[in-house]
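Read off the chains here:
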Amino acid sequence: MNLSNYLKIKNIIPSNVNILAVSKGFTSQEIKTIQNIGQNDFGESKFQEAFEKKLILKDLKQLQWHFIGRIQSNKIRKIVQNFEYIHSVDSFEKLQKISNVSCEEIKSPKIMLQVKLSDDPTKGGFNPELLISKWKEIRELKNVRLSGLMTINPKGLSSKENSELFKKCRSIADSLQLSDCSMGMSGDWEEAVDAGATWLRLGSLIFGDRS
Ligand SMILES: *Cc1c(COP(=O)(O)O)cnc(C)c1O
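Every value quoted in this text rests on a predicted model; they were computed, and no experiment measured them.

Undergrad: So what about the pattern of salt bridges? Which residues, and what values?
TA: This structure, assessed with the given rule, holds eight salt bridges. Across the salt bridge formed by E49 and K53, the nearest N and O atoms sit 2.8 Å from each other. Of this pair, E49 and K53 both sit in helix α3 (residues 47-56), separated by four residues, roughly a single helical turn. The exposure class of E49 is partly exposed, given its relative accessible area of 22%. One salt bridge in this structure joins E104 and R77, with 2.6 Å as the shortest N-O distance. Pair noted here: E104 is in helix α5 (residues 92-105) and R77 is in helix α4 (residues 76-82), with a separation of 27 residues, a long-range link. Here E104 falls in the exposed class, since its relative accessible area comes to 55%. What makes R77 partly exposed here is its relative accessible area of 36%.

Undergrad: Residues and numbers for the site of the ligand, please.
TA: Looking at the ligand, the residues that line it are V22, K24, I68, I152, M185, S186, R201, L202, G203, S204 and R210. Within the side chain of R210, one N or O atom sits 2.9 Å away from an oxygen atom of the ligand. Surface burial for the ligand is 88%, taken as the share of its 390 Å² of free accessible area covered by protein chains. In the shell around the ligand, the residues fall into five nonpolar, three polar and three charged.

Undergrad: Account for helix α8 (residues 159-175), with residues named and values stated.
TA: The end-to-end C-alpha distance of α8, which contains 17 residues, comes to 24 Å, matching closely the 24 Å that a straight helix rising 1.5 Å per residue would cover. Among all positions of α8, only N162, S163, L165, F166, C169, R170, I172 and A173 are buried. Buried residues belonging to α8 abut α6 (128-133), β6 (145-150), β7 (180-182) and α9 (189-195). In the stretch just after α8, Q177 is the one whose phi turns positive, near 55°.

Undergrad: Now, about the nonpolar core: what can you tell me, with residues and values included?
TA: By size, the foremost hydrophobic cluster in this structure holds 56 residues, and its most contacted members are I98, L113, L131, L149 and L200. It is α8 that provides the largest number of residues to this core, a total of five residues. In contact with I98, not counting residues within four places along its chain, are I71, I76, V80, I86, V89, P109, I111 and V144. Membership of the second largest hydrophobic core comes to seven residues, among which are I68, Y85, M150 and W199.

Undergrad: Just give me the short version of the packing of aromatic side chains, but keep the residues and values in it.
TA: The full count for this structure, using the stated rule, is six aromatic pairs. Here the aromatic residues F47, F51, F67 and F83 are joined through ring pairs into a cluster of three or more. Above the ring of F92, the side-chain terminus of K134 is found at 4.3 Å from the ring centroid.

Undergrad: Report on the pairing of strand β3 (residues 64-67), specifying residues and quantitative values.
TA: As judged from the four bridges shared by strand β2 (residues 41-44) and β3, these two strands associate in the parallel manner. Paired with G43 across the strands is H66, a residue of β3. Assessed by its sense of winding, the connection that carries the chain from β2 through α3 to β3 is right-handed. Two strands pair when backbone bridges link them, and β3 and strand β4 (residues 85-89) are joined in this way by two bridges, in the parallel orientation. Directly across from H66, in β4, lies its bridge partner Y85. Taken together, β3, α4 and β4 form a β-α-β motif whose crossover is right-handed.

Undergrad: Go over the environment of G156, please, and point to the residues and values.
TA: Within the secondary structure, G156 is located in the loop between β6 and α8. Looking at G156, the relative accessible area reads 79%, which means it is exposed. It is 26 Å that separates the C-alpha atoms of G156 and H66, two residues lying 90 residues apart in sequence.

Undergrad: Kindly report on the pairing of strand β1 (residues 18-22), identifying the contributing residues and their values.
TA: Extensive coverage of β1 is indicated by the burial of four of its five residues. Examined bridge by bridge, β1 and strand β8 (residues 199-202) share four bridges and lie parallel to one another. The residue bridging I19 from the neighbouring strand is L200, located in β8. One ladder, built from two bridges, connects β1 with β2; its direction is parallel. Opposite V22, over in β2, you have G43 as the bridge partner.

What counts and how
Residues numbered from 1 in each chain as written. Predicted model: local features only at pLDDT ≥ 70, side-chain atom pairs only at ≥ 80, totals over all residues. Heavy atoms only, no water. Salt bridge = Lys/Arg side-chain N within 4 Å of Asp/Glu carboxyl O. Helix = DSSP H or I, 4+ residues; strand = E, 2+ residues; numbered from the N terminus. Buried < 20%, exposed > 50% of the residue type's maximum accessible area, 1.4 Å probe, protein only. Near = heavy atom within 4 Å. Polar contact = N/O pair within 3.5 Å; in protein donor to acceptor, adjacent residues only side chain to side chain. Areas by Shrake-Rupley, 256 points an atom, 1.4 Å probe, with all protein chains shown as cover. Nonpolar A, V, L, I, M, F, W, Y, C, P; charged D, E, K, R; others polar. Expected span 1.5 Å × (residues − 1). Contact = heavy atoms within 4.5 Å. Core = buried A, V, L, I, M, F, W, Y, C linked by side-chain atoms within 4.5 Å. Phe/Tyr/Trp six-rings, centres within 6.5 Å; stacked < 30°, edge-to-face > 60°. Lys NZ or Arg CZ within 6 Å of the ring centre and 35° of its normal. Pairing = 2+ DSSP bridges. Right-handed = clockwise from strand over helix to strand, strands pointing away.

Written out as structure tokens, the structure reads:
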């Protein structure tokens, strides 16, 4: 746990930039420690792990849970029931299913659509051209609050390369009039802030190494 890193970053980022504390691999006790100094948004990438922590922390009503992991279709109902934000919606089919399920569950999660800006085979996401061409259809889906785009940069890029991809994400979001960009992790958050991120997803920088 590195609370001084957390406080340092919190102090230097602009007020429209939010920190999402990525707590995957860390315990509910560690979540409590950082919640105590004012952090209420937590990101998890596996449903079952998140669900167990959520149960333990159910008395902390101010917590907001964000799903940031790969979405399996058979988990969509549980994700919709348990998360206020979903950052990792990577296809039109999944978005449609989230919309249908959200209508049935009387929920309307905030959604970030994951975009694929590089050809890293390990990362999914909407192809930007496809996203733009389907935008009219996407906007009409019910019970999904489309708040922004999300991207994950490949590892090992230079600072300049990270900046370029983040700026691309920001410019697509602007062209679709979406206010949020969920981008930047422990290794590239500074470039993300400069490019206009509104959600930094920080794990190891705050919580320490995930072993
Ligand atoms: C794990 C994870 C993070 C946090 O990564 P760190 O490098 O530990 O900050 C951010 N985003 C996603 C999608 C993740 O899976």
